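Structure assessment
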Amino acid sequence: MKNCHLAAIIMIGSLTFPLIAEETAPKKTISIVYEEGKTPDALFHKAFEYFKKLTETGELKSAEFGTAKIFGKVIDIQTATDSSTAAKYEKDVAAISVRNAIETTNVPYSARFTILATNLFFGDKSLGYVINPYRGCYQHDFLAKGIEKKGFKIVDTSENPDITMTVGIDTCMSEEEFKEYVQKNTALKIKNDNTAASSQQRGPSFGDDLMRSGSSAQLGTPTGGNNVGVAVAGVGLALNMVNWLTTKSPQERDVIRYHAKFEGKDKKTLDFYPIVITTKTHKAGDTISSGSYLEAENLLYTSLLTWDTEDKTLIEKIPPALLEKDILKMTELLVNGKK
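Quick summary incoming for the structure in this document. The structure presented is a predicted model; accordingly, all values stated were derived computationally and were not measured. (Residues numbered from 1 in each chain as written. Predicted model: local features only at pLDDT ≥ 70, side-chain atom pairs only at ≥ 80, totals over all residues. Heavy atoms only, no water.)

1. Here's the deal with the environment of Lys 153
Residue position: Lys 153 is located in strand E6 (residues 152–154). Note on Lys 153: relative accessible area 49%, which makes it partly exposed. Distance from Lys 153 to Pro 26, taken between C-alpha atoms, is 9.1 Å for residues 127 residues apart in sequence. Filtering out sequence-adjacent residues up to four positions away, Lys 153 remains in contact with Lys 27, Lys 28, Thr 29 and Ile 30. (Helix = DSSP H or I, 4+ residues; strand = E, 2+ residues; numbered from the N terminus. Buried < 20%, exposed > 50% of the residue type's maximum accessible area, 1.4 Å probe, protein only. Contact = heavy atoms within 4.5 Å.)

This is the structure we're talking about:
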């Protein structure tokens, strides 16, 4: 389906608040906790282990975490040769080797890495550095600033905050990587679904309206507020889910899913898995876009605002797909039209 809009999927909540003098209404305090092993740095450390192993087999001379560059934390590597052509080839081979190693672990994290030459024109051509692709899926400073702009004060967990938000990257892949991951793990089901689609022309269980950009169900609130309410938007892909999963795209989007938990005083805990397929695209085969976190984290603090005002209503109405821990089972829910 041409020109379909892949919008951020599952957008929850949109609230506005009256302006209140800060001295008469103290800000609610919130603490942001990172789920162990699911930050960009933690994921990059795992990738580092694979690059380090290449030094043991002789594919690389060295691999160490480098000094800060404009790309943040990087892995400094050195190839066996200083020839410009040979060194570039060896860097590409190293990236492919690590990609293959990560893909064998069958985890929903990107295995694509960009390696740039440290000095393209002068100096040692064997030197290069690997950029952390996972930085595109989460950026703490952006999230923190967004939450502060919404009227919260960020504090440490030791300060007895009103709200504690725990967040971790659950899925961080390019569009094609995600499709390959799903097809690899649910190949039989997709094949069967495609067979059914061929015979029925239009399989109703596929949810043709499932991922319709902009569709939403506005839910009333107990107080009947004007702009204060809970909105559970349709999943933002205006196309058949199975077709999307089995079609290659010349311009890729990125798939980002968080595991998030909101806990607060006199609040019902929300433990869920918000997910976006970004509207921003990049060339097929490239790594995760550096700004993909913008859409994912916007979704997080928008969800937080809704939960803070209407926690019980939101939890009651939240789609089952957002509560599913397993990314493959979540995809199956979407394929079968169970948002």
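Having seen the structure, we can now continue with the description.
2. So, unusual backbone geometry
Trans peptide bonds make up the majority, and among non-glycine residues the majority have a negative phi. Of note in this structure, Asn 106 is not a glycine but carries a positive phi near 55°. Positive phi, close to 55°, is recorded for Asn 160, a residue that is not glycine. A relative accessible area of 52% places Asn 160 in the exposed class.

3. Regarding the pattern of salt bridges
A full pass over the atoms with the stated rule returns 15 salt bridges. Close ionic contact of Asp 170 with Lys 38 constitutes a salt bridge, the shortest N to O distance being 3.4 Å. Of this pair, Asp 170 sits in strand E7 (residues 163–174) while Lys 38 sits in the loop between strand E1 (28–34) and helix H1 (40–56); the two residues are 132 residues apart in sequence, bridging distant segments of the chain. For Asp 170, a relative accessible area of 9% puts it in the buried group. (Salt bridge = Lys/Arg side-chain N within 4 Å of Asp/Glu carboxyl O.)

4. Describing the packing of aromatic side chains
Applying the stated rule across the entire model yields 9 aromatic pairs. Plain terms: the ring middles of Phe 48 and Phe 65 are 4.3 Å apart, the flat faces sit at 25° to each other, and that makes the pair stacked. Taken together, the residues span a long stretch of sequence, with Phe 48 in helix H1 and Phe 65 in strand E2 (residues 62–65) at a distance of 17 residues. Under the relative-accessibility criterion, Phe 65 is labelled partly exposed at 26%. (Phe/Tyr/Trp six-rings, centres within 6.5 Å; stacked < 30°, edge-to-face > 60°.)

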